[in-house]
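Notes for the structure review
For reference, the chains in residue letters:
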Amino acid sequence: MNRRDFLKGLVGTSYVVLSGSSVLAPLNALAASGADASDGWLTTGSHMGAFKMKRKNGVISEVKPFDTDMYPTDMINGIKGLVYNPSRVRYPMVRLDFLLKGHQSDTTQRGDFRFVRVTWDKALGLFKDSLDLIQTKYGPSGLHAGQTGWRATGQLHSSTSHMQRAVGMHGNFVKKIGDYSTGAGQTILPYILGSTEVYAQGTSWSLILEHSKTIILWSNDPYKNLQVGWNAETHESYAYLAQLKEKVAKGEIRVISIDPVVTKTQQYLGCEQLYINPQTDVALMLGIAHEMVDKNLHDNAFIEGYSLGFDQFLPYIKGETDGVEKTPEWAAEITGVSAEIIRDLAKVMTKDRTQMLMGWCIQRQQHGEQPYWMAAVLATMIGQIGLPGGGISYGHHYSSIGVPSSGAAAPGAFPRNLDDGQKPIFDSTDFKGASNTIPVARWIDSILEPGKTIDSNGSKVTYPDIKMMVFSGNNPWNHHQDRNRMKKAFHKLECIVSIDMNWTATCRFSDIVLPACTTFERNDIDIYGAYANRGLLAMQKMVEPLFESLSDFEIFTRFAALLGKEKEYTRGMTEHDWLVKLYNDCKAANAGKFEMPEFEEFWKAGYVYFGEGEPWVRHAAFRDDPEINPLGTPSGLIEIFSRKIAHYEYDDCPGHPTWMEKAERSHGGPGSDKHPIWLQSCHPDKRLHSQMCESEEYRETYTVQGREPVYLNPEDAKKRGIKSGDVVRVFNDRGQLLAGAVVSDKFPKGVIRIQEGAWYGPVGKDGSKEGGAEIGAICSYGDPNTLTLDIGTSKLAQACSAYTCLVDYEKYQGKVPAVSSFSGPVEIAL
């Protein structure tokens, strides 16, 4: 009996709720069986870093950090749980009513978690039939296959590339623009600084440590967030943070963390924390700017030589345009930061070399474009942009930005688009008057309001009438807002297909679910260090794919074969052929600068080292000569006032940075009389978004009564009769969830934190096991997006506004329901 048949035989019951025990039993039995018994240490990587994994009797038995990783993340202890967990999608599955009725199914049953196991041939046939129906009946505007998220590491097995290439061979479809992480920032900053900035290499840490006297961490927690990266992460930034910690202790560099909560970075560095009322950063910046002008602290020469529009912005600061002077006293009333401190900040930031390091969270709020724009204005007024250890960065908390790049050429990837000369079977480009690309965070709007036209970044977008969606390696039931609104939208869709490793909430609410294997169950290659580009990593298969899961390459090769396009899809190459090609193309591109061994030697060694890079200063060339090295803005200069944006005449994003009140704001703002608590749903400390939440043993190291922690201020908690360890119901008019209380003085009054990425696990409104599909169901585990607000940041970016969210909470009084997030579906035998 081969390994796959062995596993299948152990779980072949006709009606079973897939649970933890049903997964652990076959895995333990497999280890004892001696199947696939090739032992030894192998090399691989993930977003959490590079690793050595020991395979014993066909099972991963041990994981240790890569030799060069001096600062491995604690998440390494959860790596095995990514492969061996009860949430794995084991077989192709189809929602019961969809299997019976197809596109005429009762869509309100989505989420009731009743599925039927089918063969791969059956599942792929249903997938193709649904695409045929949609393209025939509605055309390309009826299909959205553009949603993407954090793909698994590896250049070949990109879930997005494989899905969009294969589906693109069938027909055209609606795509997205932007992302959830930096949607507002990447839209506004090209107007101001000429590039998206958020994903750009920043000034090298070594130069910041050498030249900076003051570092402002503005809503930025790099010590927490640098644990993960887009490619296999090197964690080299932590060596610089260790040096910064020493300099803070010696008084050589002053670091100020401006944040409503005490961050992990602030605790590690032992630096200062400046509390600010949530969502009021623009008001604080305006108060600082006013003090700079009032005391003539700003750099007029730099403003005149390198920027445009300060003259149009100055009357706003002085109150000449709206009758409200932006004094420190004015800012103090809104922000909770005293006028004296605001004045001191203006002096500190202009006295010596100051490096501003912005986080991403403050642009994920209503009017999220404004804090990034205003921060760039402050940096311009300080006049140190382009100097080592000065200016502004929007990415030093991400993927080791600030670690100098080796400069080596990186390997290519599996092609996402069709090759030249290839055409889809359904070649229509008629989107029926609708747009073929929509802002990433507005897809639920499109489903609910097809035909509606909105403003977006200077253009008009007309929502297509979406009838079918395809998700691959992407979990929008983590990163989108307002679960109950999502349910209403999903009721309108005729078909939803998900390809994933685990039973995420997105799979739960799908019709056809295809099991993909993990990164550790196939071969690949990856860049080691997204920005450092330290080398090339062999991602060697640790174990054979569990159950009936397949690699993305294999899944969509089979799908392409159904279309009669297998050779077009693969270009006639196997997985191994592709790996050799990608490696050899990289080898050729680096010839003469970085000599790489032959593929077989590289694969055996597991790694090719490119070396270290040279320190670098962002915007230095622009500062040296702005005429020869202009920015990518319309004027080539920093645009404090943007004529282009002003021309759009958006009421929620005028021509210069502006303080605007939010739809919801705590500490006396709108809505705080009913729901007085601000919910901070920041990036998690123990996961990459929703990735690793499925790792069972690791999850147990931080959960409270098996639920996501909710961090509470002691005074607020005491007022509600709550102590650490209690189960708490958090609620507003949009939804409700249960979470486990952690009372901590690191969180101020009126603020709670539930880290995003917690898996949605709906149960009935009364806590009963059934009822997860209904509107108003309670999340049993603690997904903060059950509560968040689903509106665009503004007419410019139309990005997500998850941080604009007010709630209240209470001790849960009913019978605490079991968490429903991590088991598989109820399997129905027909």
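Cut-offs and rules
- Residues numbered from 1 in each chain as written.
- Predicted model: local features only at pLDDT ≥ 70, side-chain atom pairs only at ≥ 80, totals over all residues.
- Heavy atoms only, no water.
- UniProt positions renumbered as here; feature names shortened; annotations may be inferred.
- Helix = DSSP H or I, 4+ residues; strand = E, 2+ residues; numbered from the N terminus.
- Buried < 20%, exposed > 50% of the residue type's maximum accessible area, 1.4 Å probe, protein only.
- Expected span 1.5 Å × (residues − 1).
- Contact = heavy atoms within 4.5 Å.
- Phe/Tyr/Trp six-rings, centres within 6.5 Å; stacked < 30°, edge-to-face > 60°.
- Domains from an automatic or database assignment.
- Buried area = accessible area lost by both parts, 1.4 Å probe.
- Salt bridge = Lys/Arg side-chain N within 4 Å of Asp/Glu carboxyl O.
- Polar contact = N/O pair within 3.5 Å; in protein donor to acceptor, adjacent residues only side chain to side chain.
- Core = buried A, V, L, I, M, F, W, Y, C linked by side-chain atoms within 4.5 Å.
- Pairing = 2+ DSSP bridges.
- Axes fitted to C-alpha atoms, helices over the stretch in contact; angles between N-to-C directions.
- pLDDT = per-residue confidence, 0-100.

The name an unreviewed UniProt entry assigns to the protein chain is Trimethylamine-N-oxide reductase, from the organism Shewanella pealeana. If you open the UniProt record of the protein chain and go to Subcellular location (unreviewed entry), you find "Periplasm". Check the Function (unreviewed entry) section of the UniProt entry for the protein chain; it says "Reduces trimethylamine-N-oxide (TMAO) into trimethylamine; an anaerobic reaction coupled to energy-yielding reactions."

1. Looking at unusual backbone geometry
Phi at Ser400 takes a positive value of approximately 60°, unusual for a residue other than glycine. With respect to the helices and strands, Ser400 occurs in the loop between strand 14 (391-393) and strand 15 (437-439). Judged by relative accessible area, which is 1%, Ser400 ranks as buried. Phi angles above zero are rare outside glycine, and His667 is one such case at about 55°. With a relative accessible area of 32%, His667 lands in the partly exposed category.

2. Considering helix 24 (residues 575-589)
Under the 1.5 Å per step criterion, the end-to-end length of helix 24 is 21 Å for 15 residues, consistent within 8% with the ideal 21 Å. Within helix 24 the residues assigned to the buried category are Glu575, Trp578, Leu579, Val580, Leu582, Tyr583 and Cys586. Those residues of helix 24 that are buried are in contact with strand 21 (524-528), strand 22 (535-539), helix 22 (552-562), helix 23 (566-570), helix 25 (599-605) and strand 23 (607-609).

3. Some words on the UniProt feature "domain: Molybdopterin oxidoreductase N-terminal" (unreviewed entry) in the protein chain
The UniProt entry lists residues 44-84 under the feature "domain: Molybdopterin oxidoreductase N-terminal" (unreviewed entry), expressed in the numbering used here. The annotated region residues 44-84 carries 12% helix and 44% strand content, and the separation between its end C-alpha atoms amounts to 17 Å.

4. Section: the packing of aromatic side chains
Going through the model one piece at a time under the given rule, you end up with 43 aromatic pairs. With a centroid separation of 6.4 Å and an interplanar angle of 75°, the aromatic rings of Tyr698 and Tyr702 are classed as edge-to-face. The residues Tyr698 and Tyr702 share a single accessibility class, namely buried. Relative to Phe822, the ring of Tyr781 lies with its centre 5.1 Å away and its plane at 85°, an arrangement referred to as edge-to-face. Remark: Phe822 occurs in the loop between strand 32 (806-811) and strand 33 (826-827) and Tyr781 occurs in the loop between strand 31 (778-779) and strand 32; sequence separation between them is 41 residues. By relative accessible area, which is 8% here, Phe822 ends up buried. Three or more aromatic residues joined by ring pairs make a cluster, and in this case those are Trp443, Phe471, Trp477, Phe490, Phe509 and Tyr760.

5. A few points about the domain arrangement of the protein chain
The domain architecture assigned to the protein chain consists of domain 1 (93-180 + 426-518 + 547-572), domain 2 (202-400) and domain 3 (677-827). Relative to domain 3, the C-alpha centre of domain 1 lies at a distance of 27 Å. Listed as interface residues are 40 residues of domain 1 and, on the opposing side, 42 residues of domain 3. Across the interface of domain 1 and domain 3, roughly 3100 Å² is buried in total on both sides, 50% from carbon and sulfur atoms. Looking only at domain 1, the three residues that lose the most surface to domain 3 are Trp150, Asn478 and Gln481, adding up to 19% of its buried area. On inspection of domain 1 and its partner domain 3, the count reaches three salt bridges. A salt bridge links Arg483 to Asp783; the shortest N-O distance between them is 2.6 Å. Summed over the shared surface of domain 1 and domain 3, the number is 25 residue pairs in polar contact (both at pLDDT 80 or more). Broken down by secondary-structure element, the contributors of at least two residues to the side of domain 1 that touches domain 3 are strand 6 (114-117), helix 18 (443-448), strand 16 (453-456), helix 19 (476-479), helix 20 (483-490) and helix 21 (505-508).

6. Topic: the UniProt feature "domain: Molybdopterin oxidoreductase" (unreviewed entry) in the protein chain
Cross-referencing UniProt, the feature "domain: Molybdopterin oxidoreductase" (unreviewed entry) maps to residues 88-560 in the present numbering. Secondary structure over residues 88-560 splits into 37% helix and 15% strand, and the C-alpha atoms at its two ends are 25 Å apart.

7. Some remarks on the nonpolar core
In this structure, Trp218, Ile288, Met356, Met358, Leu378 and Tyr394 are the most contacted members of the largest nonpolar core, which totals 109 residues. In this structure, Trp218 is in contact with Ile258, Asp281, Leu284, Met285, Ile288, Met356, Leu357, Met358, Gly359, Ile362 and Leu378, ignoring residues within four places of it in sequence. Within the second largest apolar cluster, 53 residues are counted, among which are Val470, Leu536, Ile555 and Phe556.

8. Digging into the environment of Trp41
Considering the arrangement of structural elements, one finds Trp41 in strand 2 (residues 40-46). Along the sequence, Trp41 and Val293 sit 252 residues apart, while their C-alpha atoms lie 62 Å from each other. Ignoring any residue separated from it by four or fewer positions in sequence, one finds Trp41 in contact with Lys52, Met53, Lys54, Glu62 and Lys64.

9. Here we look at the sheet that holds strand 2
In space, the three strands of this open sheet follow the order 2-3-4, with antiparallel pairing throughout. If you trace the sheet from one side to the other, it starts and ends with strand 2 and strand 4 (59-65), each paired once. Between one strand axis and the next, the sheet turns through 35° on average, direction left out of account. In the sheet, strand 2 pairs with strand 3 (residues 49-56) via seven bridges, with the strands oriented antiparallel.

10. Structural notes on the confidence of the model for the protein chain
Atomic detail in the predicted coordinates should be set aside for any region of low pLDDT. Mean pLDDT over the protein chain: 94, with 95% of residues reaching 70 or higher. Taken as a whole, residues 1-37 scores under 50 in pLDDT and shows 66 contacts with residues more than four places along the chain or in a different chain.

11. A word on the side chain of Gln109
For Gln109, the location among the structural elements is in the loop between helix 4 (96-101) and strand 6. Beyond its immediate sequence surroundings of up to four residues, Gln109 is in contact with Arg95, Asp97, Arg114 and Ala773.

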